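Commentary on secondary and tertiary structure
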Amino acid sequence: MMDADSPPSNFIRDIILADIASGKYGGRVHTRFPPEPNGYLHVGHAKSIMINFGLAEEFGGKCNLRFDDTNPTKEDQEYVDSIIEDVRWLGGDFGDRVYYASDYFDQLYEWAIELIKKGKAYVCDLSSEEVRRTRGTPTEPGQNSPYRDRSVEENLNLFERMKNGEFPDGARTLRAKIDMASPNLNLRDPVMYRILHAEHHRTGRKWCIYPMYDWAHGQCDSIEGITHSICTLEFEDHRPLYDWFLDQLGIYHPQQIEFDRLNLTYTVLSKRKLLQLVEQGIVDGWDDPRMPTISGMRRRGYSPAGLRAFARSLGVSKTNGITEFEKLEYYIRQDLNRTSPRVMAVLRPLKLVITNYPEGQLEWLEAVNNPEDPSAGTRKVPFGREIWIERDDFCEVPPKGYYRLYPGNEVRLRYAYIVTCEGVVKDPVTGEIQEVHCRYDPSTQSGQPSRKVKSTIHWVCAAHAIPIEARLYDKLFTVEDPNQVPEGQDFLAYLNPNSLEIVQGKAEPALASAQPGDRYQFERLGYFAADKSSRPDHLVFNRTVELRDTWAKLQKRL
RNA sequence: UGGGAGGUCGUCUAAUGGUAAGACUGCAGACUCUGGAUCUGCGUAUCGGGGUUCGAAUCCCUGCCUCCCAGCCA
């Protein structure tokens, strides 16, 4: 989880340090990661996971995985399963501490009765519409519910009957009796329980009343002995309520601390919007490689270590900002560069014929598997008279600064020979270039000392090439912040129509054994990972991220 | 126009009264059998105005801007 470098300082760590120094919580550090199982985890959760699990690990404490499953209408076992898988994959160590708010429904119910007995909660018969109308506005106080002063006995009776299923959905709620004039809307007699005759993914039909987030969260933290309850900024306004419930109950009181959630350019990170992309079939499920979900990034080829490095680089503050997508890509490349075996593949094949290379001759040339990791060793790559090269690596009329293949120019074929272009074969009708003809210099075999050439290009031996499908992904959105939309539009207006391009390419034989999930660097192109659908007779690779390409950058400027 | 929280390079983060630092991005160069990687260099910032102080990003006053809150969602 912590990987190599020492974690940067941040304000939450400072608080923990101070708490340890003062002996608060007996020097313990116990955090929790509390997702609601109503969607898949995304890269924003990765940040939260790193903070919560990372802090626990750093201070020799623990971090629980706890599902905030208080709303059965939106939650599902599928999400629970995916969340457990994703947290594990990222390296979150929760041991056997997988908990559920629903584990505590009985205790919560008992505590609600206790608040009723203390005159701190009451059953309210107002409809949701009436509650809204009487809540007031930010500038005007609300009005007390006409049911606010029911007797304890009546409240107890009604609450029990709510639990027993005697009333339909929405008929009544249990509300905390706080202050309808509070400037903090969360304190205007917030709802603690609502009636929901719904099947819960864990408790089934046992309950027809379900606790609201505010009533559940702090008490769950308390039960689990959490010390630092870390959440995102939008809960800042809820902290007084978090504290109020704990204080009224007089139970162990953890400390809520809020930090800024992650925002990424060209990305949406709201479960509602991600769900919409999935449900409308705009993407191929929650794990579509274009999704910012953990499962999507995994399928795309992002590594846990790369994602962790990114999350660690983020820092923790209370500033609302937006992190550049390039930063994510930097950390992914950095990890993949160290760990990915290199291989040669051609995405848009163009035939190259070496006219002075003997017909039928074949050589197996030595290629380095990973220049960043000598222990990865070498492999043999077949070479013959006809090879495939990238269409981009040939240009009949080269622009300024282009130093790949063009008539009269020479380049090195990676791990092979220097070749000189002597002509092309074109389709007589369309004029399209069908073949490039070159001569090779047999004295320039790789490994031998020879003259320098400006460019080295990759290639695949035609006689031994295996077909591959490559899925080339680009950003899902065309604008930095798809959440900023003009009136009357929604974020879908900014979908990138070219976020996926599928090409049929050629690869060296080493790729034949690729298993789903295997990661490679296709030399000079980028990092690719075998898709979950990839089979030996139909290899499919997802482009994880391109290599930095200074030539492409130069061209874009023109 | 209520309450809460924030404003430091283009972006993110640090500096906790004492030389405004780092990362990403960008630009320039070196090196290179990946126009990759690596290395070097360059650039740009304390929201405005007052004040306290020998000294202010930091403390005080004031103004401005941004974000969050009126779910029986979390």
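Residues numbered from 1 in each chain as written. Chains lettered and ligands numbered in written order. Predicted model: local features only at pLDDT ≥ 70, side-chain atom pairs only at ≥ 80, totals over all residues. Heavy atoms only, no water.

**Structural notes on the side chain of S534**
Along the chain, S534 falls in the loop between β24 (526-530) and β25 (539-546). Engagement of the side chain of S534 in a polar contact is seen with the backbone nitrogen of V540, the distance being 3.0 Å. Look past the residues within four positions of S534 in its chain and what remains in contact with it is P516, L539 and V540. (Helix = DSSP H or I, 4+ residues; strand = E, 2+ residues; numbered from the N terminus. Polar contact = N/O pair within 3.5 Å; in protein donor to acceptor, adjacent residues only side chain to side chain. Contact = heavy atoms within 4.5 Å.)

**As for a positive patch on the surface**
Together, R548, K553, K556 and R557 give the surface a local cluster of positive charge. With respect to the helices and strands, the residue R557 is situated in helix α13 (residues 550-557). A residue is classified by how much of its surface remains accessible, and R557, at 67% relative accessible area, is exposed. (Patch = residues over 30% accessible without salt bridge, like charges linked within 9 Å, V, L, I, M, F, W, Y side chains within 5 Å. Areas by Shrake-Rupley, 256 points an atom, 1.4 Å probe, with all protein chains shown as cover. Salt bridge = Lys/Arg side-chain N within 4 Å of Asp/Glu carboxyl O. Lys, Arg positive; Asp, Glu negative; His and termini not counted. Charge placed at Lys NZ, Arg CZ, Asp CG, Glu CD. Buried < 20%, exposed > 50% of the residue type's maximum accessible area, 1.4 Å probe, protein only.)

**Describing the pattern of salt bridges**
In the structure shown here, the tally under the stated rule is 43 salt bridges. Residue D103 is joined to R202 by a salt bridge in which the shortest nitrogen-to-oxygen separation is 2.9 Å. With D103 in the loop between β3 (98-100) and α4 (105-117) and R202 in the loop between β6 (191-195) and β7 (209-211), this pair connects stretches of sequence that are 99 residues apart. Assessed through its relative accessible area of 36%, D103 is described here as partly exposed. The exposure class assigned to R202 is partly exposed, which follows from its relative accessible area of 38%. Through salt bridges with shared partners, a single network forms among D284, D287, R299, E469, R471, D531 and K532.

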